[in-house]
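Observations on chain architecture
Listed below, chain by chain, are the residues.
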Amino acid sequence: MIGSFRRLFGALLWLALLAGPALAQAAEEARDPYQYFFSESFGDFREELAAAREQGKKGVMLFFEMDECPFCHRMKQTILNRPDVQAYFRERFIGVSVDVEGDVEITDFEGRAMSQKDYAFKVNRVRATPVIAFFDLEGKRVVRYTGATSSAEEFLWLVDYAADGRYRDLSFTKYKRERRNAAK
């Protein structure tokens with residue numbers, strides 16, 4: 001029994017030594033999505049569109065979230081915190097976080113003032129979080145994805161799907177299949 005315990009302890013110690021540097025490096029590379037992924041917003045989405053046009057971006061992405069949402073937290077802790085994802089995304093879109101329970105007033109793309117929660121629930125019919133919604137440079141929603149993406153790769157495919165206008169001719173499911181097949 002003691003020998004088994006020692007072997008198990010030794011194996012765990014060995015794994016910790018091997019994984020430690022990789023985990024430390026990943027932790028160092030992770031960056032706060034509120035600072036590096038999402039743009040600072042003053043709540044006027046028309047201004048976000050104007051900034052996107054000026055910067056040559058494809059549009060604005062709204063990330064509808066709530067504090068208690070484990071899927072939102074997973075997205076922010078495993079995907080939106082990655083420097084490679086942040087850089088790739090910010091080349092193409094401006095990202096804004098919207099609290100589906102928030103009372104903060106926003107002005108939507110059409111100039112209507114309302115609370116974040118009213119915009120989420122009444123205008124965008126957000127019933128589960130996260131919802132990732134891409135809007136073109138005219139403020140028209142062109143892509144809506146409900147739930148957390150399964151990986152950074154899938155999130156980046158979603159970004160490409162919206163940026164390249166592929167939503168016009170096929171569903172995101174078919175687009176992902178196309179991307180997987182092309183990678184083989």
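Located above this text is the structure these notes cover.
The following refers to the structure shown. (Residues numbered from 1 in each chain as written. Predicted model: local features only at pLDDT ≥ 70, side-chain atom pairs only at ≥ 80, totals over all residues. Heavy atoms only, no water.)

**A closer look at the sheet that holds strand β6 (residues 141-146)**
The strand order across the open sheet built from four strands is β2-β1-β5-β6, with neighbouring strands paired in mixed fashion. A single partner strand is all that each edge strand has here, and the edge strands are β2 (93-99) and β6. Averaged over neighbouring strand pairs, the angle between their axes works out to 20° when direction is ignored. Pairing between strand β5 (residues 131-135) and β6: five bridges, direction antiparallel. Counted as the bridge partner of F134 is V143 from β6. Contacts between helix α4 (residues 70-78) and the sheet are confined to β1 (59-65) and β5, with β1 contributing the most and set at about 130° to the helix. (Pairing = 2+ DSSP bridges. Helix = DSSP H or I, 4+ residues; strand = E, 2+ residues; numbered from the N terminus. Axes fitted to C-alpha atoms, helices over the stretch in contact; angles between N-to-C directions. Contact = heavy atoms within 4.5 Å.)

**A look at a positive patch on the surface**
A cluster of basic residues, R125, R127, R141 and R144, forms a positive patch at the surface. Tracing the chain through its elements places R141 in strand β6. For R141, a relative accessible area of 37% corresponds to the partly exposed category. (Patch = residues over 30% accessible without salt bridge, like charges linked within 9 Å, V, L, I, M, F, W, Y side chains within 5 Å. Areas by Shrake-Rupley, 256 points an atom, 1.4 Å probe, with all protein chains shown as cover. Salt bridge = Lys/Arg side-chain N within 4 Å of Asp/Glu carboxyl O. Lys, Arg positive; Asp, Glu negative; His and termini not counted. Charge placed at Lys NZ, Arg CZ, Asp CG, Glu CD. Buried < 20%, exposed > 50% of the residue type's maximum accessible area, 1.4 Å probe, protein only.)

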